[in-house]
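A closer look at the structure
Here's the letter readout for the chains.
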Amino acid sequence: MTAQASTTDVLLTAKTAAQRLSVGVQTLAKWRSEKKGPRYVLLGRSIRYRTSDIDEFIERSITETA
């Protein structure tokens, strides 16, 4: 499932993305290495997160309780 990026999509630093997800920057780094976190953009040596990818990750993480 690939979502089309919005024209108003903002690139967030790892610090800002971590704050938005209420996790630590190291948690995001661990998720990247385990390929289980939100998608990210690699610009040279800089990691950035699109707001749409953060939102998509949150939606995929919602679980239903029985």
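Residues numbered from 1 in each chain as written. Predicted model: local features only at pLDDT ≥ 70, side-chain atom pairs only at ≥ 80, totals over all residues. Heavy atoms only, no water.

**Overview of the nonpolar core**
- One finds L12, A14, A17, A18, L21, L28, W31, I47, Y49, I54 and F57 forming the largest nonpolar core, which totals eleven residues.
- If you list the elements that add at least two residues to this core, you get α1 (14–21), α2 (25–34), β3 (46–50) and α3 (51–60).
- Per-element tally for this core: the top contributor is α1, with four residues.
- When residues no more than four places from it in sequence are discounted, the contact partners of L21 are L28, W31, P38, I54, F57 and I58. (Core = buried A, V, L, I, M, F, W, Y, C linked by side-chain atoms within 4.5 Å. Buried < 20%, exposed > 50% of the residue type's maximum accessible area, 1.4 Å probe, protein only. Helix = DSSP H or I, 4+ residues; strand = E, 2+ residues; numbered from the N terminus. Contact = heavy atoms within 4.5 Å.)

**Concerning the pattern of salt bridges**
- Enumeration according to the criterion identifies six salt bridges in this entry.
- Two residues, R20 and D55, come together in a salt bridge whose shortest N-O distance is 2.7 Å. Here R20 is found in helix α1, whereas its partner D55 is found in helix α3, with 35 residues between them in sequence.
- In this structure, the salt-bridge partner of K36 is E34, at a minimum N-O distance of 3.4 Å.
- With relative accessibility at 36%, the residue E34 sits in the partly exposed group.
- One continuous salt-bridge network, built from bridges that share partners, spans D9, R39, R50 and D53. (Salt bridge = Lys/Arg side-chain N within 4 Å of Asp/Glu carboxyl O.)

**Re the packing of aromatic side chains**
- Tallying each qualifying case throughout the model produces two aromatic pairs.
- With centroids separated by 6.2 Å and ring planes inclined at 55°, the aromatic side chains of Y40 and Y49 adopt a geometry described as tilted.
- R32 extends its terminal NZ or CZ atom over the ring of Y40, reaching a point 5.8 Å from the ring centre. (Phe/Tyr/Trp six-rings, centres within 6.5 Å; stacked < 30°, edge-to-face > 60°. Lys NZ or Arg CZ within 6 Å of the ring centre and 35° of its normal.)

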